[in-house]
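# Analysis of the macromolecular model
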Amino acid sequence: MDCDLLHPEPRQEAAKHKLKRLVQSPNSYFMDVKCPGCLQITTVFSHAESVVLCGSCNAMLCQPTGGIARLTEGCSFRKKQD
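Overview of the structure. Not measured: the values here are computed from a predicted model.

Regarding its fold elements, the chain presents 1 helix and 6 strands. Each helix (α) and strand (β) of the chain, taken in turn from the N terminus, gives the series α-β-β-β-β-β-β. A compact globule built from 82 residues should have a C-alpha radius of gyration of about 12 Å, whereas the chain, at 17 Å, is more than 25% larger. If one aligns the C-alpha atoms of the chain with their principal axes, the spans along those axes are about 55 × 25 × 20 Å. Classification of the 82 residues of the chain by burial places 20% in the buried group.

In this structure, M31, V33, C35, V44, A48, V52, C54, L61, C62, A69 and C75 together form the largest nonpolar core, which totals 11 residues. Mapped by element, the contributors of at least two residues to this core are β1 (30-34) and β4 (60-63). Other than its neighbours up to four places away in sequence, C54 contacts C35, C38, Q40, A59 and L61.

This part covers a nonpolar patch on the surface. A cluster of nonpolar side chains, namely V51, L53 and M60, defines an oily patch on the protein surface of about 250 Å² accessible area. Inspection of the secondary structure assignment puts V51 in the loop between β2 (41-45) and β3 (52-53).

This next bit is on the pattern of salt bridges. Across all of its chains, the model carries 4 salt bridges by this definition. Across the pair E9 and R11 runs a salt bridge, and its minimum N-O distance is 3.9 Å. Ionic pairing is found between D32 and K80, a salt bridge with its closest N-O pair at 3.3 Å. Of the two residues, D32 is situated in strand β1 and K80 in the segment after β6 (76-79); the sequence distance between them amounts to 48 residues. A network of salt bridges, in which partner residues are shared, links D32, R78 and K80.

A separate point is the sheet that holds β3. Here 3 strands make up an open sheet; going across it, the order is β3-β4-β5 and the pairing antiparallel. Across the chains shown, the open sheet's two edge strands, defined by having one partner strand only, are β3 and β5 (70-71). The pairing of β3 with β4 spans 2 bridges and is classified as antiparallel. Directly across from L53, in β4, lies its bridge partner M60.

Cut-offs used in this document
- Residues numbered from 1 in each chain as written.
- Predicted model: local features only at pLDDT ≥ 70, side-chain atom pairs only at ≥ 80, totals over all residues.
- Heavy atoms only, no water.
- Helix = DSSP H or I, 4+ residues; strand = E, 2+ residues; numbered from the N terminus.
- Rg over C-alpha atoms; globule rule 2.2 N^0.38 Å.
- Buried < 20%, exposed > 50% of the residue type's maximum accessible area, 1.4 Å probe, protein only.
- Core = buried A, V, L, I, M, F, W, Y, C linked by side-chain atoms within 4.5 Å.
- Contact = heavy atoms within 4.5 Å.
- Patch = residues over 30% accessible without salt bridge, like charges linked within 9 Å, V, L, I, M, F, W, Y side chains within 5 Å.
- Areas by Shrake-Rupley, 256 points an atom, 1.4 Å probe, with all protein chains shown as cover.
- Salt bridge = Lys/Arg side-chain N within 4 Å of Asp/Glu carboxyl O.
- Pairing = 2+ DSSP bridges.

Honestly, it's all geometry; don't read function into it.
Below, the structure is given as structure tokens:
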């Protein structure tokens, strides 16, 4: 097996379990979600365990699943930078 253990390929590293990576890192993140109705931006956790509503128009932005929260159709998002 000829593989570089100090410099693994990013694709292989992303496919590994979060604790088996060369540098441990979580799979979760925070994201800015834009409401399709009022265009207000709300910060949401990627693995939210409860329904997230818009602060001004009370529209549902995302609903929980077993893992990553499912965004409502029409919502746009971007990952927050570290």
